[in-house]
2 protein chains.
Amino acid sequence: MSNPQITFRQTTFTGPSLLLTRRRTISRATIHAQLDQLRVNGQYDCFKLKWHPIYDDKSRWPAPLHLFWDSDVAKWIEGACYFLADEYDVEVDAAVRELVAMIRSAQHDDGYLNVHFSVVEPGKRWTNIRDMHEMYNAGHLIEAALAHTQYYRNDLLMEPIAKYIAHIRTRFGPGEGQLRAYPGHPEIELALLRYYSVTRNQDAFDLARFFLEERGNPAGQDGKHFYDWEMEQRDEPRWKRPNSFPMDRSYWYCQAHSPILEQPSVEGHAVRAMYLLTAAADMLHLSKTITAPALATASDWLAALRRLWSNMVDKKMYLTGGIGAVAQWEGFGIDYFLPQGPDEGGCYAETCASVGVMMLAERLLHADPVLDGRYTDVMELCLYNNIMTAMSADGKAFTYENQLASCGSAKSERDEWFVCACCPPNVTRLFGSLGGYLWDYGGGDGKAWVNVHLYTSAEVRFPVGEREVRLEQHSNWPWEGNVLFDIKGAEGLETMIRLHLPAWSKGEFSLTPTPAAGMFKVERGYLCLDPAYVAQNPRFSLDVRGFAPRFIAPHPYTNQRTLTLARGPVVYCIEDADHQWEENHFKDIGIKKGEEVTEEWRVDEKSGEGYFALRSVGWERSPDVVMNGGDGTRRELVFVPFYFRANRGGKGQMRVGLRDDGI
Amino acid sequence: MSNPQITFRQTTFTGPSLLLTRRRTISRATIHAQLDQLRVNGQYDCFKLKWHPIYDDKSRWPAPLHLFWDSDVAKWIEGACYFLADEYDVEVDAAVRELVAMIRSAQHDDGYLNVHFSVVEPGKRWTNIRDMHEMYNAGHLIEAALAHTQYYRNDLLMEPIAKYIAHIRTRFGPGEGQLRAYPGHPEIELALLRYYSVTRNQDAFDLARFFLEERGNPAGQDGKHFYDWEMEQRDEPRWKRPNSFPMDRSYWYCQAHSPILEQPSVEGHAVRAMYLLTAAADMLHLSKTITAPALATASDWLAALRRLWSNMVDKKMYLTGGIGAVAQWEGFGIDYFLPQGPDEGGCYAETCASVGVMMLAERLLHADPVLDGRYTDVMELCLYNNIMTAMSADGKAFTYENQLASCGSAKSERDEWFVCACCPPNVTRLFGSLGGYLWDYGGGDGKAWVNVHLYTSAEVRFPVGEREVRLEQHSNWPWEGNVLFDIKGAEGLETMIRLHLPAWSKGEFSLTPTPAAGMFKVERGYLCLDPAYVAQNPRFSLDVRGFAPRFIAPHPYTNQRTLTLARGPVVYCIEDADHQWEENHFKDIGIKKGEEVTEEWRVDEKSGEGYFALRSVGWERSPDVVMNGGDGTRRELVFVPFYFRANRGGKGQMRVGLRDDGI
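Everything quoted here is computed from the prediction, not taken from an experiment. (Residues numbered from 1 in each chain as written. Chains lettered and ligands numbered in written order. Predicted model: local features only at pLDDT ≥ 70, side-chain atom pairs only at ≥ 80, totals over all residues. Heavy atoms only, no water.)

To continue, consider the domain arrangement of chain A. One widely used convention gives an interface's size as the accessible area the parts lose upon coming together. All names here are of chain A. Once the domains are mapped, chain A shows domain 1 (4–436), domain 2 (439–544) and domain 3 (549–660). Placing a centre on the C-alpha atoms of domain 1 and another on those of domain 2 gives a separation of 33 Å. Between domain 1 and domain 2, the contact holds 26 residues from the first and 29 residues from the second. Summing the contributions of domain 1 and of domain 2, the shared interface buries around 2100 Å²; its carbon and sulfur component is 53%. It is Q10, L371 and E380 that lose the most area in domain 1 upon contact with domain 2, and together they represent 29% of the buried surface on that side. For the pair domain 1 and domain 2, the number of links is 0 salt bridges. Along the contact surface separating domain 1 from domain 2 lie 15 residue pairs in polar contact (both at pLDDT 80 or more). (Domains from an automatic or database assignment. Contact = heavy atoms within 4.5 Å. Buried area = accessible area lost by both parts, 1.4 Å probe. Salt bridge = Lys/Arg side-chain N within 4 Å of Asp/Glu carboxyl O. Polar contact = N/O pair within 3.5 Å; in protein donor to acceptor, adjacent residues only side chain to side chain.)

Dropping the structure here:
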């Protein structure tokens with residue numbers, strides 16, 4: 001199964017749904033707002049290779065403020081192409097064409113293509129692969145080119161990018177005279193593998209594989225760790241280090257402290273870890289296909305991926321799907337270190353990181369020979385919570401960090417843009433290719449299959465032999481569990497349909513028409529329908545239970561004795577917009593499992609968006625009352641979806657986990 | 001009132017007590033064991049200025065492993081002199097004499113005196129005052145010289161040290177051609193002020209004052225922060241930094257991020273902060289004496305000291321009196337960040353830091369115009385818990401860090417010595433001068449006064465006019481609250497006695513004979529006896545209540561929902577030595593406030609030491625049971641004093657705070 005960034009075009013979002021609303025907003029508002037930002041901030045014409053005043057800024061080392069501009073442009077192009085496929089927009093089309101022309105003009109004769117090292121430090125190409133993001137920028141250009149060529153059906157962007165890949169392939173690798181390097185910020189690996197999956201360019205596969213296998217080699221270059229070696233080449237002492245390295249040689253920051261296969265736990269910068277593991281999963285997946293080279297170490301890669309995934313999901317993930325507790329390295333703390341906010345020890349939960357988790361989960365659904373609904377659970381968790389919370393309902397403001405509790409220094413609010421602008425276009429890219437995450441499918445030899453991972457209202461069309469099979473799902477997800485399916489074109493095919501049963505549903509469901517005994521089974525979070533049932537019932541409905549509000553809590557070892565409300569896949573928070581008396585970020589509010597929780601369908605005035613709010617009661621108790629006893633003040637509480645926070649004004653006070661006042 | 005390091009000789013520890021037991025152990029075992037360590041590890045003869053193999057070690061930067069050797073020797077001399085005053089020891093005496101001769105021989109003609117910069121980097125004196133500990137070492141040499149001259153009544157050590165002080169005074173200060181520097185590791189300030197209090201050497205006072213007032217000046221040297229200026233002189237980039245600096249210019253690490261008077265909270269390396277503030281408190285105290293210069297900013301210093309003290313005690317101190325949650329900078333985390341162990345996010349609680357807290361609390365009792373028992377509470381807390389836990393009952397093994405919970409990487413156990421050997425001799429020094437912490441006293445013009453801070457069995461003698469007043473206290477503290485007082489030589493004097501009422505006693509006490517109305521009052525944690533009562537009752541007894549076992553808990557904002565047992569000033573822990581079934585560091589054990597706690601007087605077989613153990617019941621519940629409900633396994637639990645942990649073998653599993661299973 002190809003990547004969602006390729007397959008999404010087979011899916012159409014149909015009837016009204018929360019996901020369709022977000023996609024429309026992005027298509028009609030966000031893409032334009034982000035384009036404006038690129039124009040205002042300078043990225044738009046950076047490939048013209050003229051000097052921008054910001055290039056004089058020396059306040060940040062080693063990565064100057066503009067170092068990611070190439071990727072900002074590339075990610076916008078990628079997202080724009082995904083949405084152009086959905087809905088043509090003349091301004092967006094014109095911008096893409098102009099940007100592509102500028103990128104083409106910026107390429108050096110030898111194929112090299114990078115703004116900073118063309119304009120600011122032209123003599124220093126590839127001298128600091130650990131910190132200077134050349135390969136990261138290259139990776140995003142590759143992804144942009146893939147999206148571009150798919151939509152425009154021309155090679156205007158692909159041509160220079162292919163040349164750039166060839167340039168990189170020549171320079172890096174295990175051969176004589178090549179550098180045994182790998183990027184400090186992984187990204188190019190997954191881009192190269194996707195490039196391979198489209199082009200079958202063996203160089204791209206080999207290069208990605210080299211990067212993945214070489215990473216963390218303690219003696220890769222002249223008997224030394226590559227980052228040590230290149231540091232010596234730059235004549236830098238080991239104690240001179242980026243601020244993201246708390247200690248000298250903190251190579252775990254970029255997952256290079258040991259070879260990936262030997263890493264016991266997921267460490268460091270969360271986005272880098274996700275991009276890296278997504279590539280590893282894709283390499284493993286591709287190695288099982290006919291065209292790609294088999295991987296002798298496939299079982300080791302599977303074990304490593306499962307190990308690192310479990311470490312992350314079981315011990316390093318917030319209830320919202322956020323990952324990364326520590327701001328300094330934008331990444332993972334130790335196991336179970338998951339404070340809710342910076343004033344409690346840290347919370348980062350970067351938007352991009354959860355986009356990365358979705359990408360990784362999606363790839364693991366293919367790389368792992370066992371279809372396991374736990375990957376899907378996390379995919380849904382991230383989508384409806386830590387990712388969706390990163391954009392305002394109007395599509396014009398964004399978050400970078402997604403703390404579970406606000407504090408004086410980190411209010412719950414959004415910005416129109418960031419100096420390091422990775423997150424906003426990542427949401428765009430993700431929603432642009434979202435159709436590709438909903439399901440997998442295929443068929444041949446009289447058989448067809450569909451695995452449905454995410455529910456919404458959408459239709460997919462895919463070929464089986466010479467015919468086209470169409471599967472439509474229709475639901476009011478994430479608010480209701482009833483999903484109506486309609487399969488067409490599968491008459492006579494032996495069609496297996498697997499439907500995800502989210503963990504929060506506890507596997508409770510019903511099917512209509514009710515299947516006879518033996519017509520279904522449940523395996524690892526998927527309800528597998530027998531082809532006979534599908535043949536008899538091309539229209540059927542699944543009713544997933546578990547939409548009653550429930551209390552959830554983090555693992556006891558987190559030392560977070562808190563309760564959070566959830567409903568279906570949606571995790572809730574409390575905001576000062578509903579509680580104007582609040583002045584202390586809800587630190588003093590406790591709730592109990594026994595209390596009644598009621599639902600209220602609300603329609604937001606400003607956005608017109610509907611959602612279920614939840615109501616319950618709690619107790620405000622000051623630290624003194626908590627320590628010395630006392631009842632505190634009874635409070636009527638309203639909870640709103642975490643993804644909907646910071647859309648209604650207020651003081652920016654918000655909390656996901658409230659003090660657990662039960663036992 | 002002079003410093004306890006000066007006044008301790010007026011106090012004699014009498015009848016049996018826990019403190020006397022520790023002092024005897026140190027005098028008879030510890031001093032010798034530490035001398036052996038100095039001999040084995042090289043410090044002993046380092047002032048001979050010969051090359052030691054360890055000097056070749058370049059693994060640590062900027063401070064090499066041997067950089068603190070001067071202070072190791074100095075601290076041992078200081079402690080040895082305190083105990084020699086108590087009990088003569090021919091071996092200790094001979095070693096002090098030999099060490100002093102070696103130190104004298106190591107001094108340069110210009111007065112400079114430092115091993116590293118004489119042997120290893122002779123050209124680099126005073127080029128890295130931020131990191132290279134020259135002034136720290138100098139400060140400990142000054143303290144050693146003060147102790148030496150007090151015991152030996154000669155100037156053999158004082159003479160070279162006075163010359164060294166003069167050398168430093170010439171080099172540093174606000175004058176033309178002087179460096180506006182201040183030590184990265186504060187220590188010399190408090191030493192200089194004590195030196196001043198003995199010698200009235202104005203240069204010493206002025207230098208200490210300069211260091212305190214100049215610290216953190218953003219534009220001290222050529223318009224730059226001194227540490228920036230000297231970094232430029234060394235041609236070092238700001239991103240080259242010690243591993244204790246998480247970010248570039250993390251000057252808060254050494255309390256130099258802003259002038260002390262402007263610092264809103266206590267930050268950075270905990271020992272440095274305590275030494276620095278002790279000096280500030282002493283400067284403030286001295287400025288109120290006749291001989292010392294008055295301080296125009298006295299009220300600002302008082303406000304700063306109170307502010308930083310409160311921030312530390314209210315928001316950054318463990319239940320055991322430990323401070324410092326973060327290992328990387330051996331210091332403070334953010335407010336309320338107090339995990340119990342490294343596996344929960346950090347816990348350092350360095351021994352030296354609590355010694356520093358005691359020093360600071362003692363000085364604040366004099367610097368603050370208001371006698372406030374809250375300083376005394378913390379002094380007692382540190383003494384009986386985080387400090388006493390740092391040495392084994394046999395006096396031969398020590399801890400550096402004092403986590404409140406063990407984990408796989410940090411077992412509850414002691415070592416005979418450390419590469420950075422600051423803590424063991426600090427315990428020696430503290431216990432050597434402990435008599436000076438028990439009480440303050442004075443008198444004249446027909447009046448006398450004594451403020452009793454700590455209870456034990458001891459006697460103090462002090463002159464009032466031409467007579468000698470003696471006050472004896474006798475008790476079984478910390479196990480029982482009855483303290484018998486006997487004052488002699490005060491006949492005809494108007495004698496005010498103030499007795500500390502620990503916060504944990506909730507101010508409950510009785511006096512025998514019962515005082516008549518108006519014969520006493522209680523003010524800020526002190527019971528003030530009217531001179532008429534003292535005159536009528538030269539023998540009286542105080543009975544402090546609060547020795548029933550009690551449950552204590554950290555502040556709710558720490559996110560530590562735990563309970564700990566305490567009895568009087570002693571905080572308890574649970575150890576695997578009493579619970580051989582334990583395998584998970586008591587992470588899964590919960591206790592409840594309602595449960596009965598019984599006491600059991602135990603005598604340790606190996607050490608012969610007695611203590612109250614506490615017994616109660618708890619519930620072992622796995623994370624799964626905690627999350628999903630269930631009773632768990634009922635467990636009989638035994639608690640022992642935290643200070644007595646790691647004396648009885650076992651697996652090194654220990655915990656102070658257990659999961660609170662009540663509401």
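That covers the picture; the talk isn't over yet.
Residues and elements named next belong to chain A. With antiparallel pairing, the 6 strands of this open sheet are ordered in space as 1-4-5-6-11-8. The two strands at the open ends of the sheet, each matched to only one other strand, are strand 1 (11–13) and strand 8 (509–512). The mean angle between the axes of side-by-side strands here comes to 15°, regardless of whether they run parallel or antiparallel. When strand 1 meets strand 4 (residues 458–464), the two strands line up antiparallel, connected through 3 bridges. Its bridge partner lying in strand 4, F13 is registered against A458. (Pairing = 2+ DSSP bridges. Helix = DSSP H or I, 4+ residues; strand = E, 2+ residues; numbered from the N terminus. Axes fitted to C-alpha atoms, helices over the stretch in contact; angles between N-to-C directions.)

Aligned on chain A, chain B shows an RMSD of 0.0 Å; the corresponding rotation is 180° and the shift along the axis is 0.0 Å. Classification of the inter-copy transformation places it as that of a two-fold axis. Relative to the rotation axis, the closest C-alpha in chain B is found at K240 of chain B, a distance of 1.7 Å. Mapped onto chain A, 100% of the interface residues of chain B again fall at the interface, so both copies present the same surface. (Least-squares fit on C-alpha atoms with pLDDT ≥ 70 in both.)

Scored by pLDDT, chain A has a mean of 97; 100% of the residues are at 70 or more. Interface scoring of the predicted complex returns ipTM 0.95; its pTM is 0.97. (pLDDT = per-residue confidence, 0-100.)

With that out of the way, let us pick up the packing of helix 6 (residues 134–152) of chain B against helix 8 (residues 188–199) of chain B. Describing two packed helices takes the angle between their axes plus the distance from one axis to the other. Residues and elements named next belong to chain B. Their axes nearest at 8 Å, the elements helix 6 and helix 8 cross at an angle of 30°. Taken together, the axes of helix 6 and helix 8 are roughly parallel relative to one another. As helix 6 runs across helix 8, the sense of the crossing is left-handed. On helix 8, the residues that touch M135, A138, G139, I142, E143 and L146 of helix 6 are I188, L190, A191, L192, R194, Y195 and V198. Residue composition of the contact of helix 6 with helix 8, grouped by class: 10 nonpolar, 1 polar and 2 charged. (Parallel < 35°, antiparallel > 145°, perpendicular 65-115°, else oblique. Left-handed = near helix turned anticlockwise from the far one by under 90°. Nonpolar A, V, L, I, M, F, W, Y, C, P; charged D, E, K, R; others polar.)

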